[in-house]
Amino acid sequence: MAILDYLHEITETRSLEQLWKAHQDKMAEYGFTRIIYGYTRHKTARSLGDPEDFLVLSNHSTDYLDGFIRSGLYFHAPMVQWAIDNDGACSWDWVQEQVNLGLLAPAAERVLEFNQKMDLTAGYTVSFPSASGRFRGAISLAAAAGVSQTQVNAIWEAHGADIQLMNNIAHLKIITLPYVSPHRSLTERQKETLQWVGDGKTTRDIAMIMGLTPATIEKHLRLARESLAVDTTAQAVLKAAMLNQIFQMEN
């Protein structure tokens, strides 16, 4: 697929699944067959937030994701740390430079050992600019097993500007699309109730609009707060909006 055709496809899609499939296929054309995208809206000085709030897209094996994400290795990964502190694109040569300088902590060295065990040794990382210090996103582009970093660097030398552009635009589109986390999903009633709260309606107003009792509206709000793991309804509206679960046009 030509780059312009690809950009048209992803910018016009309203489906995260469709976008991600197109992006996987496009990156594979450049030899990046194993990719993982991560985004958080809850970064602090000491944390990337609750992992259950992360948006993670990947075509890696379950074994890799279990080891890297679910066991918490990601937080000590050298390229993740680079992405937290930087914008732009970086060759994985940077990690070897840190090794040579003796700058990697033992936890980071364990990540390298895990990646080597999984034949994940050559690639590039793109970290996306953000308008908020709370938001941070990046994508790891890994080559197939057996491909050297020298070969990857040559690919980037020839096509890196285009690859970075496509990833930047894919990222900007991804963060506008609805994402339903398995642990943060809302029912249609909960979404509607939160939307009315966001429009400034009171519980009594919402009950009249939806044809329900105020007690039922309070129940929907309580369950929405629990699903989103927040303490107040205002937080629930904000979080649901950030996840693009409310105020969305129907497909």
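Computed from a prediction, not measured in an experiment: that's the story for all the values here. (Residues numbered from 1 in each chain as written. Predicted model: local features only at pLDDT ≥ 70, side-chain atom pairs only at ≥ 80, totals over all residues. Heavy atoms only, no water.)

Q: Help me understand the nonpolar core in this model?
A: The nonpolar side chains of soluble globular proteins are, as a tendency, buried together. With 30 residues, the main nonpolar core has Phe 32, Tyr 37, Leu 55 and Leu 141 as its most contacted residues. Counting only elements with at least two residues in this core, the list comes to helix 1 (3–12), helix 2 (16–29), strand 1 (34–40), strand 2 (55–58), strand 4 (123–128), strand 5 (136–142) and helix 7 (149–174). With 6 residues, the single largest contributor to this core is helix 7. Setting aside its immediate chain neighbours within four residues, Leu 55 contacts Leu 16, Tyr 37, Gly 38, Tyr 39, Ile 174 and Tyr 179. Counting residues in each nonpolar core, the second largest holds 24 residues, with Ala 77, Cys 90, Trp 92 and Val 95 among its members. (Core = buried A, V, L, I, M, F, W, Y, C linked by side-chain atoms within 4.5 Å. Buried < 20%, exposed > 50% of the residue type's maximum accessible area, 1.4 Å probe, protein only. Helix = DSSP H or I, 4+ residues; strand = E, 2+ residues; numbered from the N terminus. Contact = heavy atoms within 4.5 Å.)

Q: What should I look at first to understand the pattern of salt bridges in this one?
A: Once their charged atoms are close, side chains differing in charge can pair, the charge on each being opposite to the other. According to the stated counting rule, one finds 7 salt bridges in the structure shown. A salt bridge links Glu 29 to Lys 26; its shortest N-O distance comes to 3.0 Å. Of the two residues, Glu 29 and Lys 26 are both situated in helix 2; the distance of 3 residues between them amounts to about one turn of the helix. Assessed through its relative accessible area of 47%, Glu 29 is described here as partly exposed. Note on Lys 26: relative accessible area 3%, which makes it buried. (Salt bridge = Lys/Arg side-chain N within 4 Å of Asp/Glu carboxyl O.)

Q: Would you take a moment to explain the sheet that holds strand 3 (residues 88–91) for this structure?
A: Where strands meet in a sheet, backbone hydrogen bonds hold them as pairs that are either parallel or antiparallel. Here 5 strands make up an open sheet; going across it, the order is 2-1-5-4-3 and the pairing antiparallel. If you trace the sheet from one side to the other, it starts and ends with strand 2 and strand 3, each paired once. Direction aside, neighbouring strands of the sheet carry axes that sit 10° apart on average. Bridge analysis of strand 1 against strand 5 gives 7 bridges, and the strand direction is antiparallel. Looking at the pairing, Tyr 37 lines up with Ile 139 of strand 5. In this fold helix 2 packs onto strand 1, strand 2 and strand 5, with an angle of close to 135° to the strand it touches most, strand 1. The sheet contacts of helix 7 involve strand 1, strand 2, strand 3, strand 4 and strand 5, and relative to strand 4 the element is tilted by about 30°. (Pairing = 2+ DSSP bridges. Axes fitted to C-alpha atoms, helices over the stretch in contact; angles between N-to-C directions.)

Q: How should I be thinking about the pairing of strand 5 in this particular structure?
A: Remember that side chains alternate between the two faces of the sheet whenever the strand is regular. Burial runs high along strand 5: 7 of the 7 residues are buried. Bridge analysis of strand 4 against strand 5 gives 6 bridges, and the strand direction is antiparallel. Opposite Phe 128, over in strand 5, you have Gly 137 as the bridge partner.

Q: What am I meant to see in helix 10 (residues 214–228) here?
A: Along an α-helix, residues three or four positions apart point the same way, because every turn accommodates 3.6 residues. Taking 1.5 Å per residue as the helical rise, helix 10 with its 15 residues ought to reach 21 Å, and the 21 Å between its terminal C-alpha atoms agrees with that figure. Packing partners of the buried residues in helix 10 comprise helix 8 (188–198), helix 9 (203–210) and helix 11 (233–242). Once helix 10 finishes, Ala 229 follows within two positions and takes phi at roughly 55°, a positive value. (Expected span 1.5 Å × (residues − 1).)

Q: Is there a simple way to think about the side chain of Gln 98 in this case?
A: Following the sequence through the fold, Gln 98 ends up in helix 5 (residues 93–100). Each residue touching Gln 98, except ones within four places of it in the same chain, is listed here: Leu 103 and Leu 104.

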